[in-house]
Amino acid sequence: MKFSVTSITLRWAAAGLAALALSVQAQMPQPPEVAAKSYLLMDVTANQVLAAKDPDLLVEPASLTKLMTAYLVFDALKSRKIDLKQNFSVSERAWKMPGSRMFIDPKMRVPVEDLIKGMVVQSGNDATVALAEGVAGSVENFVRLMNQQAQALGMKNTQYLNPEGLTEPGHTTTARDLGILASRLMRDFPDDMAYYAIKKYRYPGTPEANDSNRNLLLFRDPSVDGLKTGHTQTAGYCQVATAKRNFPNVGARRLLVIVLGADSENARANESQKLLNWGYTAFDALKLFEAGTPVISPAVWKGKKSVLKLGAIQPLVVAVPSGSAAQIKTQVTRPDPLVAPFVQGQPLGTLRVFRGDQALFDVPLVVLESVEQAGVLGRAWDAIRLWIK
């Protein structure tokens, strides 16, 4: 099979953008110094990593483990295996959990929604174990589900040994894997993300002093709406934070930062904030194509339609160094010839994005409209034309 390569001319909506051209030899923006063992900054809207330091370093995730616990709980809610108003019992095991707590006890039956808030806002290890036991019957069964889900998401360097994140040898992950998990958590369960923006919560009858979210950025930056912090003596201070800010011609643009192994609670917040601010200023977000808009419409053979529309289901947004928009160009690579049938949503072809002559990344394209196979006469006629071609 041959492949066709087609260059696409881009026309930007923003006036005067051509005047912002940089030299083709311009270097990628250099991130600031970050006081952490490992970090990763990702543009979620563009699905691009903007900066990273040792993203594959194995680290202890501490309470960032609870992001996977939440993923499985939200999935159980989505599939209606459990209900928000359903009451879970509190086992002796949950009650006696050390570390951060919601302060629930075996005399209580706690609604699932309150346990979620206790896990997310208060980072309660007791609430986390109660959820794990309620969803899977036991902590051990739940941990098995955690590792299965990690593999399904492509988290290649993660192993879970508990649902709450207390230190155990071999309970490890990486900044890259946490980026995968956090991105999928936001994408797969958008309606549940509001829990991560809650600044204060406590269950009735529990200590008032235990009501504040440990994510300091929620109190400092109005664009931050999640996600989770973690700390143990061996892990240091860790954070997964996300922010959403609006920009002309693009709309909401979401960044995600993972900072692992900072020296203090304040340091992890400061370093996370530093990376978020840098990401928003060092890179421009450009919308190349609207969702469902054909990027290219090549001829199709032996089909009931004469052309095949290729594009993306979501808007095609890219993050490029600030001021380099006029350098951006694209090429489409696709099989040739295209012979029907084709099904809507079928992966077919790649959009490669360049800055000048430098290839930045590839974006997969899909079939936007199905093309059924033509009748016998139509197929026969196109077979002759293809032979001549």
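This text follows the structure it describes.
Caption draft 1: Region of interest: the overall build of the chain. Scanning the chain for helices and strands turns up 9 helices and 14 strands. Taking the principal axes of its C-alpha atoms as reference, the chain extends roughly 80 × 50 × 35 Å. Within the chain, the proportion of its 389 residues that are buried is 51%. Of all intrachain contacts in the chain linking residues separated by at least 6 positions in sequence, the fraction that spans at least 24 positions is 67%. Just so you have it, the chain exposes about 18200 Å², and 53% of that area is on carbon and sulfur atoms. Within the chain, the 35 negative side-chain charges are centred at a point lying 6 Å from the centre of the 44 positive side-chain charges.

Caption draft 2: Structural context of the pairing of strand E7 (residues 236–247). Note: strand E6 (residues 224–232) against E7, 8 bridges, orientation antiparallel. Note on E7: the bridge partner recorded for Lys 228 is Val 240. If you look at the hairpin formed by E6 and E7, you'll find 3 residues sitting between the two strands. Here 10 bridges tie E7 to strand E8 (residues 251–262), and the two strands are oriented antiparallel to one another. Along E8, the bridge assignment pairs Asn 246 with Ala 252.

Caption draft 3: Structural view of the environment of Asp 357. Inspection of the secondary structure assignment puts Asp 357 in the loop between strand E13 (347–355) and strand E14 (358–367). A sequence separation of 275 residues divides Asp 357 from Ile 82, and the C-alpha atoms of the two residues are 53 Å apart. Looking at Asp 357, its side chain comes within polar contact range of the side chain of Lys 329, at 3.4 Å.

Caption draft 4: View of the nonpolar core. Counting 62 residues, the largest nonpolar core has Met 68, Phe 74, Ile 104, Leu 115, Ile 116, Tyr 196 and Leu 227 as its most contacted members. Going through the elements one at a time, strand E2 (38–43), helix H1 (66–78), helix H3 (112–120), helix H4 (125–136), helix H5 (139–153), helix H6 (175–188), E7 and E8 are the ones with two or more residues in this core. Excluding residues within four positions of it along the chain, Leu 227 makes contact with Leu 67, Ala 182, Met 186, Met 193, Tyr 196, Asn 215, Val 240, Ala 241, Thr 242 and Leu 256. Leu 286, Leu 338, Ala 340 and Val 367 belong to the second largest nonpolar core, which has 26 residues in total.

Caption draft 5: Spatial organisation of the sheet that holds E7. Pairing in this open sheet of 5 strands is antiparallel, and the strands run E3-E2-E8-E7-E6 from one edge to the other. Edge positions in the sheet fall to strand E3 (48–53) and E6, since each has one partner strand and no second. Across the sheet, the axes of successive neighbouring strands diverge by a mean angle of 10°, strand direction being ignored. Along the sheet face, H6 touches E2, E6, E7 and E8 and points at about 145° away from the line of E8.

Caption draft 6: Region of interest: H1. In this model H1 runs 18 Å from its N-terminal to its C-terminal C-alpha over 13 residues, within 8% of the 18 Å that 1.5 Å per residue would give. Counting buried positions along H1 gives 11 out of 13 residues, so the element sits mostly inside the fold. Within the span of H1, buried status applies to Lys 66, Leu 67, Met 68, Thr 69, Ala 70, Tyr 71, Leu 72, Val 73, Phe 74, Ala 76 and Leu 77. Where H1 is buried, its residues touch H3, H4, H5, H6, E6 and E7. Residue Arg 80 follows H1 closely and has a positive phi angle near 65°.

Caption draft 7: Focus on unusual backbone geometry. Note that the residue after Gly 226, namely Leu 227, is joined by a cis bond; omega there is 10°. With respect to the helices, strands and loops of the structure, Leu 227 is situated in strand E6. Here Ala 340 and Pro 341 are connected by a cis peptide whose omega angle stands at 15°. For Pro 341, the position within the fold is in the loop between strand E12 (328–336) and E13. In this model, Asn 47 sits at a positive phi of 55°, which is unusual for a non-glycine residue. Taking the relative accessible area as the measure of exposure, Asn 47 reaches 59% and is therefore exposed. In this model, Asp 54 sits at a positive phi of 45°, which is unusual for a non-glycine residue. Along the chain, the position of Asp 54 falls in the loop between E3 and H1. Residue Asp 54 is classed as partly exposed on the basis of its relative accessible area, which comes to 43%.

Caption draft 8: Structural context of the layout of surface pockets. Of the pockets and cavities examined, the largest pocket occupies roughly 1300 Å³. Residue lining of the largest pocket: 37 residues in total, with Val 44, Thr 45, Ala 46, Asn 47 and Arg 187 positioned closest to the centre. Mapped onto the lining of the largest pocket, the elements with two or more residues apiece are E2, E3, H6, E8, strand E11 (316–321) and E14. If you tally residues by element for the lining of the largest pocket, the top one is H6, at 7 residues.

Caption draft 9: A look at the packing of aromatic side chains. Per the counting criterion, the structure on display carries 5 aromatic pairs. With centroids separated by 6.2 Å and ring planes inclined at 10°, the aromatic side chains of Phe 74 and Tyr 195 adopt a geometry described as stacked. One end of the pair, Phe 74, is in helix H1; the other, Tyr 195, is in the loop between H6 and helix H7 (217–220), with 121 residues separating them in the sequence. Judged by centre distance (5.6 Å) and plane angle (85°), the ring pair of Trp 278 and Phe 283 falls under edge-to-face.

Calculation notes
Residues numbered from 1 in each chain as written. Predicted model: local features only at pLDDT ≥ 70, side-chain atom pairs only at ≥ 80, totals over all residues. Heavy atoms only, no water. Helix = DSSP H or I, 4+ residues; strand = E, 2+ residues; numbered from the N terminus. Buried < 20%, exposed > 50% of the residue type's maximum accessible area, 1.4 Å probe, protein only. Contact = heavy atoms within 4.5 Å. Areas by Shrake-Rupley, 256 points an atom, 1.4 Å probe, with all protein chains shown as cover. Lys, Arg positive; Asp, Glu negative; His and termini not counted. Charge placed at Lys NZ, Arg CZ, Asp CG, Glu CD. Pairing = 2+ DSSP bridges. Polar contact = N/O pair within 3.5 Å; in protein donor to acceptor, adjacent residues only side chain to side chain. Core = buried A, V, L, I, M, F, W, Y, C linked by side-chain atoms within 4.5 Å. Axes fitted to C-alpha atoms, helices over the stretch in contact; angles between N-to-C directions. Expected span 1.5 Å × (residues − 1). 1 Å grid on protein atoms, 1.4 Å probe; cavity = no way out; pocket = protein on both sides within 12 Å on 5 of 7 lines; lining within 4 Å. Points joined across faces, edges and corners; volume = space filled by probe spheres on them. Phe/Tyr/Trp six-rings, centres within 6.5 Å; stacked < 30°, edge-to-face > 60°.

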